[in-house]
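Residue-level listing of the chains:
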Amino acid sequence: MSASKTTIGYIVQLGGIAAVVLGAVLSFHHAAIAASFAGGAAAFFVGKKIRTLTASSETVNASSAKPQ
């Protein structure tokens, strides 16, 4: 399950990068372009947060496992 969350985090983050680049290229001349820029930035950080949460939960699970 955590591998799929990591993948989702990467996809959201890449989508955010693409939207930010599109917004930067087209500038802030129209409200839709500005929304793309802002939404892309938000998606980038949400994707990063998803990956961070997944990585931290894997670390906690690995450290709490008792060796046999």
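Summarised in this report is the structure supplied together with it. Note that the structure is predicted; figures quoted are calculated from it, not measured. (Residues numbered from 1 in each chain as written. Predicted model: local features only at pLDDT ≥ 70, side-chain atom pairs only at ≥ 80, totals over all residues. Heavy atoms only, no water.)

Looking at the overall build of the protein chain
Counting its regular elements, the protein chain contains 2 helices and 0 strands. Scored against the burial criterion, the 68 residues of the protein chain give a buried share of 13%. Across the protein chain, every contact between residues at least 6 apart in sequence was considered, and the portion connecting residues at least 24 apart equals 61%. (Helix = DSSP H or I, 4+ residues; strand = E, 2+ residues; numbered from the N terminus. Buried < 20%, exposed > 50% of the residue type's maximum accessible area, 1.4 Å probe, protein only. Contact = heavy atoms within 4.5 Å.)

A short note on a nonpolar patch on the surface
Taken together, the side chains of L14, I17, V21, L22, V25 and L26 present a nonpolar region at the surface, about 550 Å² in accessible area. Topologically, I17 is positioned in helix α1 (residues 2-26). Owing to a relative accessible area of 39%, I17 belongs among the partly exposed residues under this scheme. (Patch = residues over 30% accessible without salt bridge, like charges linked within 9 Å, V, L, I, M, F, W, Y side chains within 5 Å. Areas by Shrake-Rupley, 256 points an atom, 1.4 Å probe, with all protein chains shown as cover. Salt bridge = Lys/Arg side-chain N within 4 Å of Asp/Glu carboxyl O.)

What to know about the packing of aromatic side chains
Scanning all chains against the criterion turns up 1 aromatic pair. Geometrically, the ring pair formed by F44 and F45 is edge-to-face, given 5.3 Å between the ring centres and 85° between the ring planes. For F44, a relative accessible area of 24% corresponds to the partly exposed category. (Phe/Tyr/Trp six-rings, centres within 6.5 Å; stacked < 30°, edge-to-face > 60°.)

With respect to the environment of I8
Tracing the chain through its elements places I8 in helix α1. Sequence separation between I8 and R51 is 43 residues; the distance between their C-alpha atoms is 8.2 Å.

As for the side chain of Q13
Summarising the element assignment, Q13 is placed in helix α1. Using a relative accessible area of 8% as the deciding quantity, one classes Q13 as buried. Those residues in contact with Q13, other than ones at most four positions away along the chain, are A43, F44, G47, K48 and R51.

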